[in-house]
Amino acid sequence: MLTTSFLGMELRSPVIVASGPASHDVNQISLAERHGAGAVVLKTACSDKYQHMRFWPRPRYKLLDWDKQIAGRSTQFSLYSYEQGYSGSLEDYWEFIRVCKRHAGIPIVGSIFADEAGDWAAMAAEVEMAGADAIELDISSPHRPGSLEFDTTFVAAMRAVVGRVHIPVLAKLAPGTNVLMQAEAAEQAGAHAVTLCNRLQGIDVDIESQRPILHGYYAGIGGPWAKYYTMRHIAEAYRTVHIPISGTGGAITGEDVVKYILVGASTVQVLSAILINGWETIARMNEEITGYLQRKGVDRLESIRGQAVASMTPPDNIVRWSGEPLDGTRNIWKEPGP
Amino acid sequence: MSGTQKYPGLPLLPPPFAAQQPPLAKVVEEKCIACNRCLPVCFFDALRIEERPGHALGRSAVVTAAHCTGCGLCFETCPVDAFVWVPDMSSSPSRPGRRI
């Protein structure tokens, strides 16, 4: 019932572990598999030029606005994060992929970051050679170093990677005003799917010391509240591009996953939910999605994809009625009383 | 800062020694109530509950220093603020931005 076709792979669930701290070591892959994940996107490896990204600030995470519910019941939080890249060398990363592929029964997606197109392509070729089922190009991490431009560097990188490897290529994009343009550019560059969306950059301030909290720089910020703009980006991309969409950002329940699919996602990547509510989140999501499909009498999840987009109303067609009467009592000035 | 503040969790700024030595989480065992909240958030198997015969509850959370990456999530989960930062004196600093 949950089986999802995605980039030529038959996933047993649309729920994928997103690249990050829950996909950094081989034991996490077996945990993901045991709890029902459809696939895992491994932690992002950075090119040698950016090997300082293999070192991690301490501390790395602050939970803001957390409801402090435990045992998998948390529904509100903002994860303020200085997450960096895979902590080993590139050789370690290729071996990481090989070990994952040797032991895992679910697809393994490699994830890389570089700047020059040649580095992207060379790393992608190694990821493919190590046995990964697909590769995600993390061109939008809130922590990415340098001042790399999408229009020049990343489009060239996508073209170089697509021209070099035979496995499917996903482009992971940042949320914001350019996401639709970038999704179209990714499709034109030959990407096989887009991942929407990475985290935003944000900042919080300690009013006592009058300094930004933690390490004094913008952090990656995400949480359940991200689902609303994420779904909007998925919906827009679903209407415009013709490649599959892997939705990510803010999904913490099976209902969220269903919503992402209703606005056009093929798969949904989760991370913060696992971090805060545990690995059981994946199994719970699968149960909730199955329950929903049974209740709706739907055999295959894929048959509901994009349903909510199909019934969206163009803004000009939204029914409008007359507003506040201009001759009403609230439009006659009254001096405020004592 | 808005939000529920049942307990403060992770301090907003890193410890003063963080630029010299990598911070490690440590449990102040006298404060620990062995509630197990911190164990599930540790992705690095750095936390365990150990028997402590002299402890009021007979057990306490303990950090395995060699596994701790100093991420800070255990601080967040602790309802009695039993976590503190200690410098890892066995390690050389790995500053963000350092090129190797």
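Residues numbered from 1 in each chain as written. Chains lettered and ligands numbered in written order. Predicted model: local features only at pLDDT ≥ 70, side-chain atom pairs only at ≥ 80, totals over all residues.

Caption draft 1: Local environment of the overall build of chain A. Within chain A one finds 10 helices and 17 strands. At 22 Å, chain A has a C-alpha radius of gyration in line with the 20 Å of a compact globule built from 338 residues. Here chain A, with 338 residues, has 53% of them falling under the buried criterion. Across chain A, the fraction of contacts at a sequence separation of at least 24, relative to all contacts at a separation of at least 6, is 70%. (Helix = DSSP H or I, 4+ residues; strand = E, 2+ residues; numbered from the N terminus. Rg over C-alpha atoms; globule rule 2.2 N^0.38 Å. Buried ≥ 20, exposed ≤ 12 C-beta atoms within 10 Å, placed from the backbone. Contact = placed C-beta atoms within 7 Å.)

Caption draft 2: Just the packing of helix 5 (residues 179-188) of chain A against helix 6 (residues 227-240) of chain A, in detail. Residues and elements named next belong to chain A. Two elements in contact, helix 5 and helix 6, have axes whose closest approach is 10 Å; the angle formed by their N-to-C orientations is 40 degrees. By the angle between their directions, the pair helix 5 and helix 6 is classed as oblique. Between helix 5 and helix 6 the crossing geometry is right-handed. For the pair formed by helix 5 and helix 6, the contact residues are V179, L180, A183 and E184 on the first element and H233, E236, A237 and T240 on the second. Considered class by class, the residues forming the contact of helix 5 with helix 6 number 4 nonpolar, 2 polar and 2 charged. (Axes fitted to C-alpha atoms, helices over the stretch in contact; angles between N-to-C directions. Parallel < 35°, antiparallel > 145°, perpendicular 65-115°, else oblique. Left-handed = near helix turned anticlockwise from the far one by under 90°. Nonpolar A, V, L, I, M, F, W, Y, C, P; charged D, E, K, R; others polar.)

Caption draft 3: Expanded view of the confidence of the model for chain B. Of all residues in chain B, 85% have pLDDT values of 70 or greater, and the mean over the chain is 87. Low pLDDT, under 50, characterises residues 95-100 of chain B; the stretch is placed with 9 contacts to residues that sit more than four places away or in other chains. (pLDDT = per-residue confidence, 0-100.)

Caption draft 4: Representation of the interface of chain A and chain B. Taken together, the contact pairs 26 residues of chain A with 28 residues of chain B. Broken down by element, the residue count for the side of chain A that touches chain B peaks at 4 residues, all from strand 6 (residues 61-64) of chain A.

Caption draft 5: Spotlight on helix 9 (residues 280-296) of chain A. Residues and elements named next belong to chain A. The end-to-end C-alpha distance of helix 9 is 24 Å, a good match for the 24 Å that 17 residues give at a rise of 1.5 Å each. Turning to helix 9, its buried residues are T281, I282, R284, M285, N286 and I289. Tucked into the core, helix 9 has its buried residues touching strand 3 (15-17), helix 1 (26-34), helix 7 (254-262), strand 17 (267-270) and helix 8 (272-277). After helix 9 finishes, the residue G297 shows a positive phi value of roughly 70 degrees. (Expected span 1.5 Å × (residues − 1).)

Caption draft 6: Summary view of unusual backbone geometry. Residues and elements named next belong to chain A. Between R58 and P59 the backbone carries a cis peptide bond, its omega angle lying at -5 degrees. Its location among the elements puts P59 in the loop between strand 5 (45-46) and strand 6. Cis geometry marks the peptide bond from L196 to C197, where omega comes out at 0 degrees. Checked against the element boundaries, C197 lands in the loop between strand 11 (193-196) and strand 12 (200-202). The phi angle at L7 is positive, at roughly 55 degrees, despite the residue not being glycine. The topology assignment puts L7 in the loop between strand 1 (4-6) and strand 2 (9-11).

Caption draft 7: Region of the structure containing the pairing of strand 11 of chain A. Residue and element names in this part refer to chain A. Neither face of strand 11 is exposed, since A193 and T195 on one face and V194 and L196 on the opposite face are all buried. Inspection of the sheet shows strand 10 (residues 169-173) paired to strand 11 by 4 bridges, in the parallel sense. The residue of strand 11 that forms the bridge with L173 is L196. Remark: the strand 10/helix 5/strand 11 crossover connection has right-handed handedness. Sheet analysis places strand 11 next to strand 16 (residues 245-248), joined by 3 bridges and oriented parallel. By the bridge assignment for strand 16, L196 is matched with G247. (Pairing = 2+ DSSP bridges. Right-handed = clockwise from strand over helix to strand, strands pointing away.)

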